[in-house]
Amino acid sequence: DFLLNDPNPTREMESAEMLREWFPLSFETYLDSSIPNPILHMGRRLVVWKSAENGWTAQDDMCPHKLAPLSDGSITDEGNLRCSY
């Protein structure tokens, strides 16, 4: 992890650049396709679920409305992620 006031700005820039790359998050056999799966990747909380249209999908594990973990939610019959609220 880097500090916000890091004396080495190059390290901060390299970390930010790494977040734009593709990384494997998990073996598929470790994921449950019937629930939202919480994953911690490089200090960032993500939720991974299997959508009906796009297959495995990942996004930040935070509801934009209530700031609750989306991994506490559910997957609809249509394959959409639903917040627990």
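Procedures and definitions
- Residues numbered from 1 in each chain as written.
- Predicted model: local features only at pLDDT ≥ 70, side-chain atom pairs only at ≥ 80, totals over all residues.
- Heavy atoms only, no water.
- Helix = DSSP H or I, 4+ residues; strand = E, 2+ residues; numbered from the N terminus.
- Buried < 20%, exposed > 50% of the residue type's maximum accessible area, 1.4 Å probe, protein only.
- Contact = heavy atoms within 4.5 Å.
- Areas by Shrake-Rupley, 256 points an atom, 1.4 Å probe, with all protein chains shown as cover.
- Pairing = 2+ DSSP bridges.
- Phe/Tyr/Trp six-rings, centres within 6.5 Å; stacked < 30°, edge-to-face > 60°.
- Lys NZ or Arg CZ within 6 Å of the ring centre and 35° of its normal.
- Axes fitted to C-alpha atoms, helices over the stretch in contact; angles between N-to-C directions.
- Core = buried A, V, L, I, M, F, W, Y, C linked by side-chain atoms within 4.5 Å.

1. Brief notes about the overall build of the protein chain
Stage number 1. A tally of regular secondary structure across the protein chain gives 1 helix and 5 strands.
Stage number 2. Relative to its full complement of 85 residues, the protein chain shows a buried share of 26%.
Stage number 3. Here the analysis covers contacts within the protein chain between residues at least 6 apart in sequence; of these, 25% occur between residues at least 24 apart.
Stage number 4. Accessible area for the protein chain stands at about 6800 Å²; split by element, carbon and sulfur atoms hold 52% of it.

2. Considerations on the pairing of strand 1 (residues 37-41)
Stage number 1. Alternating residues of strand 1 divide into Asn37, Ile39 and His41, all buried, and Pro38 and Leu40, none buried.
Stage number 2. Sheet topology places strand 1 next to strand 2 (residues 44-51); 5 bridges connect them, and they run antiparallel. In the strand pairing of strand 2, isoleucine 39 is matched with leucine 46.
Stage number 3. The hairpin formed by strand 1 and strand 2 contains 2 residues between the paired strands, and methionine 42 there has a positive phi angle of roughly 55°.

3. Here's the deal with the packing of aromatic side chains
Stage number 1. Enumeration according to the criterion identifies 1 aromatic pair in this entry.
Stage number 2. Seen from the ring of tyrosine 85, lysine 66 lies directly overhead, with NZ or CZ sitting 5.8 Å from the centre.

4. A look at the sheet that holds strand 2
Stage number 1. If you trace the 3 strands from one edge of the open sheet to the other, you get 1-2-3, paired in antiparallel fashion. The sheet is open, and its two edges are formed by strand 1 and strand 3 (55-60), each paired on a single side. Taken over all neighbouring pairs, the strand axes of this sheet differ in orientation by 35° on average, direction set aside.
Stage number 2. As judged from the 6 bridges shared by strand 2 and strand 3, these two strands associate in the antiparallel manner. Residue pairing for strand 3: tryptophan 49 is matched across the bridge by threonine 57.

5. What about the nonpolar core?
Stage number 1. Grouped together as the largest cluster of nonpolar side chains are 8 residues: Val47, Trp49, Cys63, Ala68, Leu70, Ile75, Leu81 and Cys83.
Stage number 2. Every residue in contact with cysteine 83, bar those within four places of it in the chain, is listed here: Cys63, Ala68, Leu70 and Gly73.

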